[in-house]
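Chains, contacts and geometry: an overview
Below, each chain spelled out in residue letters.
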2 protein chains.
Amino acid sequence: METAPAPASAPRRRLSPAVRIQQILDAALVEFCERGYGDTRMDDIARRAGLSKGGLYAHFDSKDAVFEALLRRSLAMPSLEGMPEPDAHVPTREFAAWLVDRLYAQIADPAGLRVLWLMIAERERVGHLLELWDRQVIGPYEVVLQRALAAREAAGARPSVLSRAPWLALSPLIHATMRELVIRAPGAAEMAQWRQAHEDLLVELLDPASRLAR
Amino acid sequence: METAPAPASAPRRRLSPAVRIQQILDAALVEFCERGYGDTRMDDIARRAGLSKGGLYAHFDSKDAVFEALLRRSLAMPSLEGMPEPDAHVPTREFAAWLVDRLYAQIADPAGLRVLWLMIAERERVGHLLELWDRQVIGPYEVVLQRALAAREAAGARPSVLSRAPWLALSPLIHATMRELVIRAPGAAEMAQWRQAHEDLLVELLDPASRLAR
């Protein structure tokens, strides 16, 4: 067995800004949910994160800035990095499964649901941040999705309503998330059914011929 | 011109219970939205509705009962009364347009959006009512929708994912409503595009052959 240096003898290191920012956002989410956005002060967030107020302001100018970072972290749309080349060689089923996997990974995080709840509950106060989030996070995602679908069509796939309205590809996820948020968390079996139905919907839309062939 | 009796000389009539209940629910919605569900008392609702507390209790046993009635009134799924006979003689486009018309009529009511917001914001407090609403309002609607789709299939339509997962037929509406609730009310042109996309989605799912024929 190797002998590792005892932790106490290791030089104390400052947390990197990236780690510190995650801690601040975790702390802010707890405070916002407990007190409501309006009644949470920067002091409360700093205390919960174990920082001085100055330490907090080194990272965020304002409560608005904290909430905006929370929206970007927790409600980012899935990155399309690693997307299979959208050409005729990627079968529709594989494309749909890949998309659905990406989408559902986003809502597997319980913090994401809490942020979603918060943005709805506090919408009067944070409306300007919601518009920003819509424009800078959701909007570009729909554009990328639209481009991927257009590339598939260029490679011979039949156009579907998704090309004109790529937001429809997300609707079953939004629906499932609302259900989870409002009614109850689904069991694993129910969640698997939702995902499968979402995937099947995409396949039926993107490849009508496959259905007629069944 | 006929001479109508002057209103003052007409005998004073009591409001019918049905009218009174609507007034109570209108008053309750204002109070819940202003004070939050937890801080609203039956007294507040009675005062806003212009009733004595006893007058209010003649109609509702509790604040829970008021909220439940509000959910049933504002977030009822569209009645399927007057539904065209779901047989092969109703073209798919007509069936889809009818369904979408019904669904969007529901969210045209701004009070419906306020109740939706309230049920999300207060979900911790009213979770038991949300489950009841899900079971008694949403559940039966999905069953009726499923039956209508099954009848179309029996008459020769090709099965789609909607038969197994009728909730998918509602997803674009839920998505549009969330967008309206969180981000902003759409303009008339945008709303018309959403509805059209929803209708096209249903047609593409229910009648894949029509798409291949284009």
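Residues numbered from 1 in each chain as written. Chains lettered and ligands numbered in written order. Predicted model: local features only at pLDDT ≥ 70, side-chain atom pairs only at ≥ 80, totals over all residues. Heavy atoms only, no water.

We now examine the environment of B:Arg102. Summarising the element assignment, B:Arg102 is placed in helix H5 (residues 92–107). For the pair B:Arg102 and B:Pro78, spaced 24 residues apart in sequence, the C-alpha to C-alpha distance is 5.9 Å. (Helix = DSSP H or I, 4+ residues; strand = E, 2+ residues; numbered from the N terminus.)

Turning our attention to the UniProt feature "DNA-binding region" (unreviewed entry) in chain A. Per the UniProt record, "DNA-binding region" (unreviewed entry) is found at residues 41–60 of chain A. Each end of residues 41–60 of chain A is marked by a C-alpha atom, and these two atoms are 13 Å apart; helix forms 65% of the span and strand 0%. (UniProt positions renumbered as here; feature names shortened; annotations may be inferred.)

Across the contact, 39 residues belong to chain A and 39 residues belong to chain B. Across the chain A to chain B interface the summed buried area is about 4100 Å²; carbon plus sulfur atoms make up 63%. Among the residues of chain A in contact with chain B, A:Trp167, A:His175 and A:Arg211 are the three that bury the most area, contributing 16% of the side total. Residues B:Asp134 and A:Arg184 are paired through a salt bridge, measuring 3.8 Å at the closest nitrogen-oxygen approach. Summed over the shared surface of chain A and chain B, the result is 20 residue pairs in polar contact (both at pLDDT 80 or more). (Contact = heavy atoms within 4.5 Å. Buried area = accessible area lost by both parts, 1.4 Å probe. Salt bridge = Lys/Arg side-chain N within 4 Å of Asp/Glu carboxyl O. Polar contact = N/O pair within 3.5 Å; in protein donor to acceptor, adjacent residues only side chain to side chain.)

A separate point is the packing of helix H1 (residues 17–35) of chain A against helix H4 (residues 63–74) of chain A. Residue and element names in this part refer to chain A. Packing of H1 against H4 leaves a shortest axis separation of 10 Å and a crossing angle of 105°. Relative to H4, the element H1 is oriented roughly perpendicular. From H1, Gln22, Leu25, Asp26, Ala28, Leu29 and Phe32 reach across to H4, where they touch Lys63, Val66, Phe67, Ala69, Leu70 and Arg73. (Axes fitted to C-alpha atoms, helices over the stretch in contact; angles between N-to-C directions. Parallel < 35°, antiparallel > 145°, perpendicular 65-115°, else oblique.)

Before going further, it helps to examine the relation of the copies chain A and chain B. Turning one copy of the chain about an axis and sliding it along that axis gives the other copy, so a rotation and a shift relate them. Structural alignment of chain A on chain B gives an RMSD of 0.0 Å, achieved by rotating through 180° and translating 0.0 Å along the axis. Seen this way, the second copy is the image of the first under a two-fold rotation axis. Same-surface contact between copies: 100% of interface residues of chain A are shared with the interface of chain B. (Least-squares fit on C-alpha atoms with pLDDT ≥ 70 in both.)

Let us look at the packing of H1(A) against helix H2 (residues 42–49) of chain A. Residue and element names in this part refer to chain A. It is the contact of H1 with H2, at a shortest axis distance of 8 Å, that shows an interaxial angle of 125°. Relative to H2, H1 is oriented oblique. Read as a crossing pair, H1 and H2 show a hand that is right-handed. The residues of H2 that touch H1, namely those facing Gln23, Ile24, Ala27, Ala28, Val30, Glu31, Phe32, Glu34 and Arg35, are Asp44, Ile45, Arg47, Arg48 and Ala49. Counted by class, the contact of H1 with H2 contains seven nonpolar, one polar and six charged residues. (Left-handed = near helix turned anticlockwise from the far one by under 90°. Nonpolar A, V, L, I, M, F, W, Y, C, P; charged D, E, K, R; others polar.)

Among the structural elements, B:Gln196 can be located in helix H10 (residues 188–206). Separated by 99 residues in the primary sequence, B:Gln196 and B:Ala97 have C-alpha atoms spaced 8.6 Å apart.

What follows is about the pattern of salt bridges. Two side chains with opposite charge may pair up if their charged atoms get near one another. Considering all chains together, one arrives at 36 salt bridges over all chains under this definition. In this structure, the salt-bridge partner of B:Arg72 is B:Glu68, at a minimum N-O distance of 3.3 Å. Pair noted here: B:Arg72 and B:Glu68 are both in helix H4 (residues 63–74), with a separation of four residues, about one helical turn. Given the relative accessible area of 33%, B:Arg72 is considered partly exposed. The class of B:Glu68 is partly exposed, set by a relative accessible area of 23%. The network of salt bridges with common partners includes A:Glu31, A:Glu34, A:Arg35, A:Arg41, A:Asp44, A:Arg47 and A:Arg48. (Buried < 20%, exposed > 50% of the residue type's maximum accessible area, 1.4 Å probe, protein only.)

For the rest of this paragraph, the subject is the environment of A:Arg47. All names here are of chain A. With respect to the element layout, arginine 47 can be found in helix H2. When the C-alpha atoms of arginine 47 and alanine 27 are compared, they prove to be 8.7 Å apart, with 20 residues separating the residues in sequence. Not counting residues up to four positions away in its chain, the partners in contact with arginine 47 are Arg35 and Arg41.

Attention shifts here to H4(B). In this model H4(B) runs 16 Å from its N-terminal to its C-terminal C-alpha over 12 residues, within 8% of the 16 Å that 1.5 Å per residue would give. In this fold, the buried residues of H4(B) make contact with helix H1 (17–35), helix H2 (42–49), helix H6 (110–121) and helix H7 (123–154) of chain B. (Expected span 1.5 Å × (residues − 1).)

Glancing now at the confidence of the model for chain A. This prediction gives chain A a mean pLDDT of 85; 87% of its residues lie at or above 70. Taken together, the stretch residues 1–12 of chain A has pLDDT below 50 and engages in zero contacts with residues farther than four places along the chain or on a different chain. (pLDDT = per-residue confidence, 0-100.)

A few words now on H6(B). All names here are of chain B. Here H6 spans 17 Å end to end across 12 residues, near enough to the 16 Å set by a 1.5 Å rise per residue. With 10 of 12 residues buried, H6 lies mostly within the body of the structure. Listed as buried for H6 are Ala111, Gly112, Leu113, Val115, Leu116, Trp117, Leu118, Met119, Ile120 and Ala121.

This part covers the side chain of B:Glu31. Residue and element names in this part refer to chain B. Tracing the backbone shows glutamate 31 in helix H1. Taking the relative accessible area as the measure of exposure, glutamate 31 reaches 3% and is therefore buried. Only 2.5 Å separates the side chain of glutamate 31 from the side chain of arginine 35, close enough to count as a polar contact. One polar contact links glutamate 31 to arginine 48, side chain to side chain, over a distance of 2.8 Å. Residue contacts for glutamate 31: discarding those within four places in its chain leaves Gly36, Thr40, Asp44, Ile45 and Arg48.

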